[in-house]
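Below, each chain spelled out in residue letters.
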Amino acid sequence: MEPSSIARFPQSDEHGYPYTTEWYDSLKSYLGEAGCRQLGFYPIPQDFLLSVVIPIFNEQKTVENLISQVKAVPIRKELVLVDDGSTDGTRDILKRLEEQSQSEQDAYNEIRVIFHEVNQGKGAAVRTGFLEAQGDVMLIQDADLEYDPSEYPRLLQPIIEGRADVVYGSRFLGDQPHRVLYYWHYLGNRFLTTLSNCFTNLNLTDMETCYKLFKKDVIKEIAPGLCQNRFGIEPELTAKVARRRCRIFEMSISYDGRTYDQGKKIGWKDGVKALWCIVRYGLKD
């Protein structure tokens, strides 16, 4: 899908603007409260702000498309784009998109770009983004099109309704489309998730998922102490929210995984490091 084919602004229909109180009340009059709940329809407070933290490294082919998809989600957002030392032209794209956003004055989307001068790793970029973000809820979004931003509203619902402090989007709960790829990656992921659960006493199905959503007060307490600069950030975050007894929900998400030829970056060394991080942060903060 080309970036130009994605709507940049929420589109009103006969019920109003999506996720407003008026929109929800109109749909509830047709579907009833139970019908709205089953379909994931609910009101989002007018002053709510979602922070989308996007770590980016050499994603020239996908980053503009991804940002267009994020902007199209009908929720007021700040996009915190953290370029982690890209060398393939990604930085020029991000500078242009930031300037374009400032000239558009889009009430639903603010873009801020932060540049790391040298590549430090996904964890370092995520930490930078969390420290800079100001939204009521903060989530991590990879820039490689494996995860679908249109699922934000569904993932946000338990937090906005006051039932959850943290939400994980699971690729393995089973009722969303999932591209079939590497068996050994799948097996490794399940092993790491199971081992993490042993230390955290959680029953997650996908500890390594990108889609992790946090209430502001939760992540602002944790972010300054995050240590892992690469993919070890996943077990570190999981151990730290578990230790704080946060209310954690897990919801199914779709997943369109990419191959190594398409730019996938995680490797077996990251799996070994994840093992160390699970034990390290499972024992002590």
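The coordinates are above.
Since this is a predicted model, take the numbers as computed values, not measurements.

Rules and cut-offs
- Residues numbered from 1 in each chain as written.
- Predicted model: local features only at pLDDT ≥ 70, side-chain atom pairs only at ≥ 80, totals over all residues.
- Heavy atoms only, no water.
- Buried < 20%, exposed > 50% of the residue type's maximum accessible area, 1.4 Å probe, protein only.
- Helix = DSSP H or I, 4+ residues; strand = E, 2+ residues; numbered from the N terminus.
- Contact = heavy atoms within 4.5 Å.
- Disulfide = S-S within 2.5 Å.
- Expected span 1.5 Å × (residues − 1).
- Salt bridge = Lys/Arg side-chain N within 4 Å of Asp/Glu carboxyl O.
- Patch = residues over 30% accessible without salt bridge, like charges linked within 9 Å, V, L, I, M, F, W, Y side chains within 5 Å.
- Areas by Shrake-Rupley, 256 points an atom, 1.4 Å probe, with all protein chains shown as cover.
- Pairing = 2+ DSSP bridges.
- Axes fitted to C-alpha atoms, helices over the stretch in contact; angles between N-to-C directions.
- Polar contact = N/O pair within 3.5 Å; in protein donor to acceptor, adjacent residues only side chain to side chain.

Some words on helix α2 (residues 63-72)
Because an α-helix packs 3.6 residues into every turn, residues spaced three or four apart end up facing the same way.
Okay, so step 1: Counting buried residues in α2 gives 7 out of 10 residues, a clear majority hidden from the surface.
Okay, so step 2: Along α2, the positions that sit buried rather than exposed are V63, N65, L66, I67, S68, V70 and K71.
Okay, so step 3: Those residues of α2 hidden inside the fold are in contact with β1 (50-56), β2 (77-84), α3 (90-104), β3 (109-116) and α5 (152-160).

Structural notes on the state of the cysteines
Any covalent bond linking the sulfur atoms of two cysteines counts as a disulfide.
Okay, so step 1: Under the counting rule described, the total for this entry stands at 0 disulfides.
Okay, so step 2: The cysteine C227 is free of any disulfide, with C277 supplying the nearest cysteine sulfur at 9.4 Å.
Okay, so step 3: Of all cysteine sulfurs, the one in C227 lies closest to C246, which takes part in no disulfide; the gap is 17 Å.

Considerations on α3
Okay, so step 1: For α3, with 15 residues, the first-to-last C-alpha span of 21 Å sits near the 21 Å given by 1.5 Å per residue.
Okay, so step 2: Structurally, α3 contributes buried residues whose contacts are with β1, α2, β2 and β3.
Okay, so step 3: Note on α3: the residue one or two positions beyond its end, Q105, has a positive phi of about 55 degrees.

A word on the pattern of salt bridges
Okay, so step 1: One pass over the full model with this rule turns up 20 salt bridges.
Okay, so step 2: Taking the shortest distance from any N to any O, the salt bridge between E234 and K212 comes out at 2.6 Å. Here the residue E234 occupies a position in helix α8 (residues 233-243), and K212 occupies one in strand β6 (residues 212-215), the gap between them amounting to 22 residues.
Okay, so step 3: Taking relative accessible area as the criterion, E234 reaches 2% and is therefore assigned buried.
Okay, so step 4: Since its relative accessible area comes to 0%, K212 is described here as buried.
Okay, so step 5: Linking D285 and R244 is a salt bridge whose minimum nitrogen-to-oxygen distance equals 3.0 Å. One end of the pair, D285, is in the segment after α9 (268-283); the other, R244, is in the loop between α8 and β7 (248-252), with 41 residues separating them in the sequence.
Okay, so step 6: On the basis of relative accessible area, D285 is assigned to the partly exposed category, the value being 35%.
Okay, so step 7: Several salt bridges share partner residues, and in doing so they unite E78, E110, R112 and E132 into one network.

Comments concerning a nonpolar patch on the surface
Okay, so step 1: On the surface, a nonpolar cluster with roughly 480 Å² of combined accessible area is contributed by Y183, W184, Y186 and L187.
Okay, so step 2: With respect to the helices, strands and loops of the structure, Y186 is situated in helix α6 (residues 183-200).

Observations concerning the sheet that holds strand β4 (residues 137-140)
Okay, so step 1: Taken in spatial order, the 7 strands make up an open sheet running β3-β2-β1-β4-β6-β5-β7, and their pairing is mixed. Every interior strand has two partners, whereas the edge strands, β3 and β7, have only one. Neighbour-to-neighbour, the strand axes of this sheet turn through a mean angle of 20 degrees, independent of strand direction.
Okay, so step 2: Where β4 and β6 come together, 3 bridges link them in antiparallel fashion. Among the inter-strand pairings, L139 is bridged to a residue of β6, identified as L213.
Okay, so step 3: Across the sheet, α5 lies against β1, β4, β5 (166-170), β6 and β7, angled at about 155 degrees from β7, the strand it touches most.
Okay, so step 4: Of the strands in this sheet, β4, β5, β6 and β7 touch α8, which is tilted by about 40 degrees from β6.

Some thoughts on the pairing of β6
Okay, so step 1: Alignment of β5 against β6, held across 3 bridges, turns out to be antiparallel. If you follow V167 over to β6, its bridge partner there is L213.

Regarding the side chain of Q228
Okay, so step 1: Residue position: Q228 is located in the loop between α7 (216-222) and α8.
Okay, so step 2: Its relative accessible area of 8% is what places Q228 among the buried residues.
Okay, so step 3: For Q228, the side chain forms a polar contact with the side chain of K273, separated by 3.3 Å.

Observations concerning unusual backbone geometry
Okay, so step 1: The residue N58 is not glycine, and still its phi comes out positive at about 50 degrees.
Okay, so step 2: Under the relative-accessibility criterion, N58 is labelled partly exposed at 25%.
Okay, so step 3: The residue R245 is not glycine, and still its phi comes out positive at about 55 degrees.
Okay, so step 4: Secondary-structure assignment places R245 in the loop between α8 and β7.
Okay, so step 5: With relative accessibility at 76%, the residue R245 sits in the exposed group.

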